[in-house]
Amino acid sequence: MSWIREGELTIIERFCANIIKAGPMPKHVAFIMDGNRRYAQKCHVERQQGHSQGFDKLAQTLRWCLNLGIREVTVYAFSIENFKRSREEVDGLMDLARQKFSRLLEEQESLKKHGVCIRVLGDLPLLPLDIQELIAQAVLATRNYNKCFLNVCFAYTSRHEISNAVREMAWGVEQGLLEPSDVSESLLDKCLYTNNSPDPDLLIRTSGEVRLSDFLLWQKARDSYMEERRRQQMERDQAYVTKKLQLEGFASHGDSRRRRTLLQKCTAMREERIQGFLQALEHKRADFFERLCTVSA
């Protein structure tokens, strides 16, 4: 089954699409792919068949999203917690991943036609090396496409994503790219796997369950704290300027013009460090995929 189905929509699909398009359209939709095992049990088929049919439904859903003009889709395909399932089921899911990512590489003309950029988000070194190599090839082959984006969360949990972002910031401090005072929630945002994506407008769990299951937890909560973060950053900058003025022999309130100059300089230097760190982080992540492609060549 193709990742992106070609062909016309059915009459019912066109009818439904026209109704949906009459209202406001989400730009980014996220799916928790759930219920495959329950579906298999209900239909009295093997679990692997349930997972395979779940992918087929994903391909159909992606076609609907393309037709509706939804620019970005994120799917929760495989959780790190899924490694705790039986060896047989995990091996079956890895075999399915091999098939589907191999198929993806065969569909580059279709991906180019629709301008689909593939991103695979997660702790990829947890996966078998051959799957890592297939993923790297798919990511690098489509990285310059920008009409629409498909983010596949594979070997992913939100807690792992957050802890990885913290490790990346620690790496930046260790490498001398950041000052410890540069570390903030705002910078953590930019170190997440999803840093290139807007937050989802709509989150759908296909089984009807209402649990988030460790998926995009930070992204779904962060909007509430945006103003608070700005205030905290301003307070940190002002505390730095006050300390600097005291070292220069000024009173705690300091000279207002000197205070403004220091505050502007502090902000500019921090932004310069952060941009340099983010560029280094982007190169580090790109190198990971390029090394995998070199290994497989």
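Every value quoted in this text rests on a predicted model; they were computed, and no experiment measured them.

**What about the pairing of strand β2 (residues 72–79)?**
Within β2, seven of the eight residues are buried, leaving the element largely enclosed by the surrounding structure. Pairing between strand β1 (residues 28–32) and β2: five bridges, direction parallel. The partner of His-28 across the bridge, within β2, is Glu-72. For β2 and strand β4 (residues 148–156), the ladder comprises seven bridges, and the chain directions are parallel. Looking at β4, one finds that Thr-74 is bridged to Asn-151.

**Here we look at the pattern of salt bridges**
Side chains that carry opposite charge are capable of pairing whenever their charged atoms lie near each other. Taken as a whole, this structure holds 14 salt bridges when the rule is applied. A salt bridge links Arg-85 to Glu-89; its shortest N-O distance comes to 3.1 Å. Judged by its relative accessible area of 26%, Arg-85 falls in the partly exposed class. Using a relative accessible area of 5% as the deciding quantity, one classes Glu-89 as buried. Taking the shortest distance from any N to any O, the salt bridge between Glu-271 and Arg-270 comes out at 4.0 Å. Classification of Arg-270 by relative accessible area gives buried; the value is 8%. Each member of the salt-bridge network shares a partner with another, and the members are Asp-95, Arg-98 and Asp-130.

**Concerning helix α4 (residues 87–106)**
Residue pairs three or four apart in sequence face the same way in an α-helix, which turns once every 3.6 residues. Look at α4: 29 Å from first C-alpha to last across 20 residues, which is about the 28 Å you get at 1.5 Å a residue. Three or more residues of α4 are buried, namely Glu-89, Val-90, Gly-92, Leu-93, Met-94, Leu-96, Ala-97, Lys-100, Phe-101, Leu-104 and Leu-105.

**Overview of the environment of Tyr-76**
Mapped onto the fold, Tyr-76 is located in strand β2. Sequence separation between Tyr-76 and Arg-205 is 129 residues; the distance between their C-alpha atoms is 9.5 Å. Among the polar contacts listed, one links the side chain of Tyr-76 to the backbone oxygen of Tyr-156, at a separation of 3.1 Å. Of note is the side chain of Tyr-76, whose polar atom sits 3.4 Å from the backbone oxygen of Ser-213.

What counts, and at which threshold
Residues numbered from 1 in each chain as written. Predicted model: local features only at pLDDT ≥ 70, side-chain atom pairs only at ≥ 80, totals over all residues. Heavy atoms only, no water. Buried < 20%, exposed > 50% of the residue type's maximum accessible area, 1.4 Å probe, protein only. Helix = DSSP H or I, 4+ residues; strand = E, 2+ residues; numbered from the N terminus. Pairing = 2+ DSSP bridges. Salt bridge = Lys/Arg side-chain N within 4 Å of Asp/Glu carboxyl O. Expected span 1.5 Å × (residues − 1). Polar contact = N/O pair within 3.5 Å; in protein donor to acceptor, adjacent residues only side chain to side chain.

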